[in-house]
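Residues per chain are reported as follows:
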Amino acid sequence: MSQISPTHPIRLSDIESWDFETDIAVIGFGGAGGSAAIEAADQGASVIIFDVAAASGGSTALSSAEIYMGGGGGTRIHKATGYEDSTENLFAYLKACQGEIGDEEKIRLYAEGSLDHFNWIVSLGVPYKDSEYPGKAIVAMTDDCLLYTGNEKAWPFNQIAKPVPRGHNLEIEGDNGGPLFMDIVTKNVESRGVQIEYNARALRLIADEDGAVHGFVVRIDNQERNVRASKGVILCTGGFSMNQDMWQHYSPEVAKRAHPIGNPFDDGAGIRMGQGAGASTLHMNQSFVTIPFYPPPSHTFGILVNSQGQRFLNEDVYHARIAVSNIRQLETGEKVYLIIGEKHWKQPNMLGGEVAAAADNIEELAAEIGLPVGNLSHTFNYYNENAAKGEDPLFHKQADWMEPIEPTLAAVDITPGEHGIYVGFTLGGLETRPSGEVLTMDGDIIPGLYAAGRATCGMPRNAEGYASGMSVGDVTFFGRLAGRNAAKR
Ligand SMILES: Cc1cc2nc3c(=O)[nH]c(=O)nc-3n(C[C@H](O)[C@H](O)[C@H](O)COP(=O)(O)OP(=O)(O)OC[C@H]3O[C@@H](n4cnc5c(N)ncnc54)[C@H](O)[C@@H]3O)c2cc1C
């Protein structure tokens, strides 16, 4: 292992001089790092923020910056558009989304603090229009604000919490929320007098013999420099989907079948620096993965079937739940198809699927694609009989999306890894307290080390329950907490 591996911290006793000295040093200037820096500065701490890139932004600036917020009666936008959302309703929804691997403490804090978080984001100058985007979309391409971005209206979530739209889209046309969001965050960081060092790659942490972190080594202008942070180092370096070896190692089911999305520095360096300092990691096998099943929303009228010719979910769920369920089908078969009638099959679309066959009846279609004819025709006929009544006894798809599927029938091959545009990013990372304090494998706090954002395992932990807005919501919310707590240390 090379001497400059992030997993090899330097001993404090080996440091002869310091090039930077500050209360708080933040590594990574995306959503988490920017939020941490603002909060730490607002607590009166001196802050320096370092980023390997030549500008701020990270993956947050590449995103749509839809942010998942609600509770407390609802945000200003909920009120203006006639929605009401209680904190308990938000909590119940988030808890159902994260399932058994959810961190109840983080979810509780997020639900209780979400309204305040909205107000904080607005106080930075982030613009939201008092309007709703009514359609089913991955991203609102208008400047409207509020939209359903997850599984809120779909079974079983609609049985657990009252459906409320919580995705908040910035007031800007097109898919331009991320750049605007990070521009505003950056101006807020600058206006607080935070020192910013770009083109500065953090290499490894500096720790004492007891494991406490005191700073790190950063490479600037091809020279290694020592940074001392008396109150804390906050790792906000993003996830690891751009590190193919690491992604394949921890999350092979997704990594083998999806293209990574994010910025090139999503290479896991911060996670590895933390590990080198004794940190534990959590749910490194969990990735967000998606396929743009919609738009157009009319594909929701089709059915998804596996190699056995059987349906396996209600097709009206969020696109990431579809993608991860498709991948699961490969455990027992080789194929996943969308079976759809010509009325609802629209082109162009973003699915990236291949029309494998078209036919006037389901038996012919099944034979053409090599699925068991009896199974597929039973699945299809049973679905159609119930769809005529607006019912889905098996998977409870909402009546709005139930119509008998009529010829001409098409089988669109969206088998993960073969067809279909599957993309993803990582959700596992350093194990932290909600305060941002990084934990060892024994559950002890590593003094002086904090982390937030996709460098950690945060509030959103799986693709099954993910909703657009949960990641930027999480990175900014827990980034703030890390900044505030480190400053108070
Ligand atoms: C196309 C796309 C659309 C998305 N849309 C949404 C959305 O609408 N809503 C949502 O909630 N989520 C969305 N996401 C996910 C979300 O954007 C990210 O998960 C989240 O923004 C990550 O934030 P972060 O602060 O943890 O990391 P980042 O924003 O990536 O910031 C990490 C920073 O650390 C820097 N860095 C890395 N290593 C080092 C190092 N060694 N030294 C110094 N600096 C380093 C990087 O340069 C980067 O600037 C989207 C993602 C993509 C790719």
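Data block above holds the structure.
This section reports on the structure supplied with the text.

1. As for the nonpolar core
Here is step 1: Membership of the largest hydrophobic core comes to 81 residues, with the highest contact counts inside it found for F50, L94, F216, V289, L449 and M470.
Here is step 2: F50 has contacts with F20, A25, V26, I27, G28, F29, E197, A200, F216, V218 and V227, leaving out every residue within four places of it along the chain.

2. Describing helix α7 (residues 177-191)
Think of an α-helix as turning once every 3.6 residues; residues three or four places apart then point the same way.
Here is step 1: The first and last C-alpha atoms of α7 sit 21 Å apart over 15 residues, in line with the 21 Å expected at 1.5 Å per residue.
Here is step 2: By the burial criterion, the buried members of α7 are G177, G178, F181, M182, I184, V185, T186, N188 and V189.
Here is step 3: Phi for G193, located one or two positions after α7, is positive at around 75°.

3. Digging into the pattern of salt bridges
Here is step 1: All told, the structure shown has 25 salt bridges when counted by the stated rule.
Here is step 2: The salt bridge involving D42 is made with R192; its shortest N-O contact spans 2.7 Å. Of this pair, D42 sits in helix α1 (residues 31-42) while R192 sits in the loop between α7 and β7 (195-197), and the two are 150 residues apart along the sequence.
Here is step 3: Measuring nitrogen to oxygen at the nearest pair gives 2.6 Å for the salt bridge that ties K335 to E418. Of this pair, K335 sits in the loop between α11 (319-329) and β15 (336-341) while E418 sits in the loop between β17 (409-413) and β18 (423-426); the two residues are 83 residues apart in sequence, bridging distant segments of the chain.
Here is step 4: Since its relative accessible area comes to 22%, K335 is described here as partly exposed.
Here is step 5: One network of salt bridges, in which partners are shared, links E39, D116, R480 and R484.

4. Some remarks on the sheet that holds strand β16 (residues 354-359)
Here is step 1: The four strands lie next to each other as β14-β15-β17-β16, forming an open sheet whose pairing is antiparallel. Bordering the open sheet on either side are β14 (303-306) and β16, each of which pairs with just one other strand. Across the sheet, the mean angle from the axis of one strand to that of its neighbour is 25°, orientation sign disregarded.
Here is step 2: Both β14 and β15 contribute to a ladder of four bridges, which runs antiparallel. Its bridge partner being in β15, V305 is matched across the sheet by Y337.
Here is step 3: Along the sheet face, helix α13 (residues 373-387) touches β14, β15 and β17 and points at about 160° away from the line of β14.

5. Some words on the sheet that holds β18
Here is step 1: Strand order in the open sheet made by the three strands is β11-β18-β13, with mixed pairing throughout. Edge positions in the open sheet fall to β11 (259-260) and β13 (287-290), since each of these has one partner strand only.
Here is step 2: Sheet topology note: the β11/β18 ladder contains two bridges and is parallel. Residue pairing across strands places H259 opposite V423, the latter belonging to β18.

6. Here we look at the packing of helix α12 (residues 362-369) against α13
Here is step 1: At their nearest, the axes of α12 and α13 sit 9 Å apart, and the two run at 135° to each other. One element, α12, and the other, α13, form an angle in the oblique class. The element α12 and its partner α13 pack so that their crossing is right-handed. Between α12 and α13, the residues in contact are I362, E363, A366 and A367 and V373, L376, S377 and F380, respectively.
Here is step 2: Looking at the contact of α12 with α13, its residues break down into six nonpolar, one polar and one charged.

7. Description of the packing of aromatic side chains
Here is step 1: On inspection of all chains with the given rule, the structure shows 14 aromatic pairs.
Here is step 2: Geometrically, the ring pair formed by F118 and Y128 is stacked, given 5.6 Å between the ring centres and 25° between the ring planes. Here F118 is found in helix α5 (residues 104-124), whereas its partner Y128 is found in the loop between α5 and β5 (146-147), with ten residues between them in sequence.
Here is step 3: What makes F118 buried here is its relative accessible area of 1%.

8. Focus on the site of the ligand
Here is step 1: Looking at the ligand, there are 38 residues lining it, with D51, S59, T60, S471 and V472 nearest.
Here is step 2: One of the side-chain N or O atoms of S471 is found 2.7 Å from an oxygen atom in the ligand.
Here is step 3: V472 places a main-chain nitrogen or oxygen 2.6 Å from an oxygen atom of the ligand.
Here is step 4: Alone, the ligand offers 1000 Å² of accessible surface; in the complex the protein occludes 92% of this.
Here is step 5: Residue assignment for the shell around the ligand shows that the elements contributing at least two residues are α1, α2 (58-62), β8 (200-207) and α14 (470-488).
Here is step 6: Looking at the shell around the ligand residue by residue, the class counts come to 17 nonpolar, 16 polar and five charged.

9. Brief notes about the pairing of β17
Here is step 1: Along β17, five of the five residues are buried, which leaves the element largely enclosed by surrounding structure.
Here is step 2: Side chains L409, A411 and D413 of β17 all project onto a buried face; the interleaved residues A410 and V412 project onto the opposite face, where all are buried too.
Here is step 3: Pairing of β15 with β17 involves five bridges; the strand directions are antiparallel. Within β17, the position partnered with L338 by the bridge is V412.
Here is step 4: Pairing analysis gives five bridges linking β16 to β17, with the strands arranged antiparallel. Of the residues in β17, the one forming a bridge with A357 is A411.

Cut-offs and rules
- Residues numbered from 1 in each chain as written.
- Predicted model: local features only at pLDDT ≥ 70, side-chain atom pairs only at ≥ 80, totals over all residues.
- Heavy atoms only, no water.
- Core = buried A, V, L, I, M, F, W, Y, C linked by side-chain atoms within 4.5 Å.
- Buried < 20%, exposed > 50% of the residue type's maximum accessible area, 1.4 Å probe, protein only.
- Contact = heavy atoms within 4.5 Å.
- Helix = DSSP H or I, 4+ residues; strand = E, 2+ residues; numbered from the N terminus.
- Expected span 1.5 Å × (residues − 1).
- Salt bridge = Lys/Arg side-chain N within 4 Å of Asp/Glu carboxyl O.
- Pairing = 2+ DSSP bridges.
- Axes fitted to C-alpha atoms, helices over the stretch in contact; angles between N-to-C directions.
- Parallel < 35°, antiparallel > 145°, perpendicular 65-115°, else oblique.
- Left-handed = near helix turned anticlockwise from the far one by under 90°.
- Nonpolar A, V, L, I, M, F, W, Y, C, P; charged D, E, K, R; others polar.
- Phe/Tyr/Trp six-rings, centres within 6.5 Å; stacked < 30°, edge-to-face > 60°.
- Near = heavy atom within 4 Å.
- Polar contact = N/O pair within 3.5 Å; in protein donor to acceptor, adjacent residues only side chain to side chain.
- Areas by Shrake-Rupley, 256 points an atom, 1.4 Å probe, with all protein chains shown as cover.

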